[in-house]
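Observations on the three-dimensional arrangement
Residue-level listing of the chains:
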Amino acid sequence: MIIEHPGKKDIPKLRALWQETFSDTDAFLDLFFTQIFAPERALAVKEGETLLAALYWFDCLCGKDPYAYIYAVATKKEYRGKGHCRALMTKLHEEMENCGKCTVLVPADEELRKFYARLGYKDFG
């Protein structure tokens, strides 16, 4: 398992994972991957050429404090429950700690809230 910043060459696989996980339109994905996607603000878990999981973030401020707002965390269905998301989040936390940022996210449902709580996330604001 390798965790790295995905490159532009990974966009088709990232897009397929996004489509498998979320219900966004092709038009939205076209916009995201041409205008918003930045490899330096994304992480992916790979095994060989297979993309297993990915996440993205925006840099933001809360007052004067820098944060990374995490979104679109996704794991391929057949790889869920095997620790790939946990490993991805651990790598993200290491990177953000190295640049002095905290992380925030908004879980989509109660199950995800419980999952992220096990990773140390707390309700905020």
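Above: the structure in question.
Our subject in this report is the structure included herewith. (Residues numbered from 1 in each chain as written. Predicted model: local features only at pLDDT ≥ 70, side-chain atom pairs only at ≥ 80, totals over all residues. Heavy atoms only, no water.)

1. Describing the environment of Ala42
Mapped onto the elements of the fold, Ala42 is located in strand E2 (residues 42-47). Taking the C-alpha atoms as reference, Ala42 lies 9.8 Å from Tyr71; in sequence the two are 29 residues apart. If we ignore the near neighbours within four places in the chain, the residues touching Ala42 are Glu4, His5, Pro6, Phe37, Leu55, Tyr56 and Trp57. (Helix = DSSP H or I, 4+ residues; strand = E, 2+ residues; numbered from the N terminus. Contact = heavy atoms within 4.5 Å.)

2. Considering the pairing of E2
For a regular strand, side chains alternate in direction, first toward one face of the sheet and then toward the other. Of all the six residues making up E2, five are buried; the element is thus mostly covered by neighbouring parts of the structure. Where strand E1 (residues 2-4) lies against E2, three bridges are found, and the strand directions are antiparallel. Counted as the bridge partner of Ile3 is Val45 from E2. Looking at chain direction, E2 and strand E3 (residues 50-62) are connected through six bridges and run antiparallel. The residue of E3 that forms the bridge with Leu43 is Leu55. In sequence, E2 turns back onto E3 through a hairpin of two residues, with Gly48 there showing a positive phi of about 60°. (Buried < 20%, exposed > 50% of the residue type's maximum accessible area, 1.4 Å probe, protein only. Pairing = 2+ DSSP bridges.)

3. A closer look at the side chain of Lys46
As for its placement among the helices and strands, Lys46 is situated in strand E2. Here the side chain of Lys46 touches Asp10 through a polar contact of 2.9 Å, side chain to side chain. (Polar contact = N/O pair within 3.5 Å; in protein donor to acceptor, adjacent residues only side chain to side chain.)

4. Re the side chain of His84
Secondary-structure assignment places His84 in helix H3 (residues 84-98). His84 sits in the buried class, given a relative accessible area of 8%. Residues in contact with His84, not counting those within four places in the same chain, are Met1, Val45, Glu47, Leu52, Ala53 and Tyr79.

5. Things to note about the nonpolar core
In this structure, Leu55, Trp57, Ile70, Met89 and Leu92 are the most contacted members of the largest nonpolar core, which totals 18 residues. Mapped onto this core, the elements with two or more residues apiece are E2, E3, strand E4 (65-75) and H3. With five residues, the single largest contributor to this core is H3. The next biggest cluster of nonpolar side chains, apart from the first, holds 16 residues, and it includes Leu17, Leu29, Ala44 and Tyr56. (Core = buried A, V, L, I, M, F, W, Y, C linked by side-chain atoms within 4.5 Å.)

Structural measurements only, silent on function.
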